[in-house]
Amino acid sequence: MIPHVLPTYNRAPLAFERGEGSWAITADGTRYLDLGAGIAVNVLGHANPDLVAALTHQAGRIWHVSNLYQIPEQEKLADMLVDATFADTVFFTNSGTEAAELAIKMVRKYWDHAGDPDRTQILTFEGAFHGRSTGAIAASGADKMVKGFGPLMPGFRTLPWGDHEALRAAVSDRTAAIMIEPVQGEGGIRPLPDACLKGLREICDQTGALLVLDEVQCGMGRTGRLFAHEYAGITPDIMMVAKGIGGGFPLGAVLATEQAAAPMVAGSHGSTYGGNPLACAVGAVVMQIVADPAFLAEVNRKGALFRQKLEGLVAAHPDVFEGVRGQGLMLGLKCRAAPADLVRAAYDQHLLTVPAADMTLRLLPPLNITDEDIAEAVARLDRAAASLR
Ligand SMILES: Cc1ncc(COP(=O)(O)O)c(C=O)c1O
């Protein structure tokens, strides 16, 4: 008999009742050190008092009104995002997938408005993950995501990762946009070198194509900058954000320049829940804390500390690990055996990690993890690795 919850996940036999900072706690009180943070979502850890206060304060006032009306909490968060980034305008969604959908629609509308409605080709890259909607799986092009779900939405061409010649050959006056994650998350913590991101910006400037960055996983302080593209000193035309921006409350956003977004006039897009007062009240506090340069400096310091310890771990277990990659607190351990085995071995050490493609184990702790918890995490990873022998 099919389970009452549609079985689309291979779930671990673990359930958590509550959380405290970087720790998730089961009903019997067992504490797990959480290096997954709900897959890069809980940027301020579990039950952060500032976020709990923001949510409960808003919960006692008003939960939902609809975008038929002004939503002051939404306007406040949009102001904060516009002040802190390249963007001139923001649309709020409930997830990263919805942000990807709007980004695709915005690209199409942009070229339609420019009098070139057939300019619809969006270039994407192998290993990309933009979500699970029909548009987002077409953008990724990966067999495991698209198989059985055809016909796929047309208009995407997936290029090999890091192949400059393939990219140059693919770009034409039909290229509507280039869509890419500055650091691939699901693809295995694969950072795009700054020079490549600069190169993509140049190609877009030369051809008029829009640069669409998916910072759903790598954004909101994860890499040690508010957004990962800042390292390359470039700005996109459109950017998807989600995960960390709500600190655990469902919230996503599309940020865009005025030029890219101008054709998205009244009636062209909408969402019942997108930008609801609860989500935006929480999001504003997340932004206030995470966008603070002092907080981001700490993410960098902790990222360097964690990375240094992980290099030691790799050296101690050359039969298990191949290397460390990533930036800030978006780290990956390239494994020699299936990362899922290591994830299971880590459960036995009461440590939560996340597998990714390209034989990579993802380490995505809360951005405010303590130095002690970083040391504890590496000690537990060490025991997990040893147990695989
Ligand atoms: C880079 C990226 N884009 C989009 C998504 C989809 O986001 P969501 O699961 O919130 O729909 C994800 C989720 O993992 C992601 O990592």
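Residues numbered from 1 in each chain as written. Predicted model: local features only at pLDDT ≥ 70, side-chain atom pairs only at ≥ 80, totals over all residues.

Novice: What exactly am I supposed to notice about the sheet that holds strand S3 (residues 31–34) here?
Specialist: Two orientations exist for strands paired in a sheet by backbone hydrogen bonds: parallel and antiparallel. Read from one edge to the other, the open sheet built from four strands follows the order S1-S2-S3-S15, with strand pairing classed as mixed. Edge positions in the sheet fall to strand S1 (18–20) and strand S15 (351–352), since each of these pairs with one other strand and no more. Taken together, the two bridges between S3 and S15 define a ladder with parallel strand orientation. Across the sheet, residue aspartate 34 finds its bridge partner in S15, namely leucine 352. (Pairing = 2+ DSSP bridges. Helix = DSSP H or I, 4+ residues; strand = E, 2+ residues; numbered from the N terminus.)

Novice: Explanation requested: the site of the ligand in the structure shown.
Specialist: Around the ligand lies a shell of 15 residues, among which Ser95, Gly96, Thr97, Val216 and Gln217 are the nearest. Here the shell around the ligand takes three residues from helix H4 (residues 96–113), the largest share from any one element. Residue composition of the shell around the ligand, grouped by class: five nonpolar, seven polar and three charged. (Near = placed C-beta within 6 Å. Nonpolar A, V, L, I, M, F, W, Y, C, P; charged D, E, K, R; others polar.)

Novice: Please clarify how the pairing of strand S13 (residues 321–327) should be interpreted in this entry.
Specialist: Here S13 pairs with strand S14 (residues 330–335) via six bridges, running antiparallel. Counted as the bridge partner of phenylalanine 321 is cysteine 335 from S14.

Novice: Is there a simple way to think about the sheet that holds strand S17 (residues 360–363) in this case?
Specialist: Spatially, S13-S14-S17-S16 is the arrangement adopted by the four strands of the open sheet, whose pairing is antiparallel. Where the open sheet ends on each side, the last strands, each with one partner, are S13 and strand S16 (354–356). Ignoring which end each strand starts from, the neighbouring axes of this sheet average 30° apart. (Axes fitted to C-alpha atoms, helices over the stretch in contact; angles between N-to-C directions.)

Novice: Looking at this structure, I do not really get the domain arrangement of the protein chain. What am I missing?
Specialist: Segmentation of the protein chain into domains returns domain 1 (18–48 + 293–387) and domain 2 (50–290). Taking only C-alpha atoms, the centre of domain 1 and the centre of domain 2 are 26 Å apart. If you look at the interface, domain 1 gives 27 residues, while domain 2 gives 28 residues. Every element with two or more residues in the side of domain 1 that touches domain 2 is listed here: helix H1 (37–40), helix H11 (293–316), S13, S14 and S17. Counting residues per element, the side of domain 1 that touches domain 2 draws most heavily on H11, which supplies five residues. (Domains from an automatic or database assignment. Contact = placed C-beta atoms within 7 Å.)

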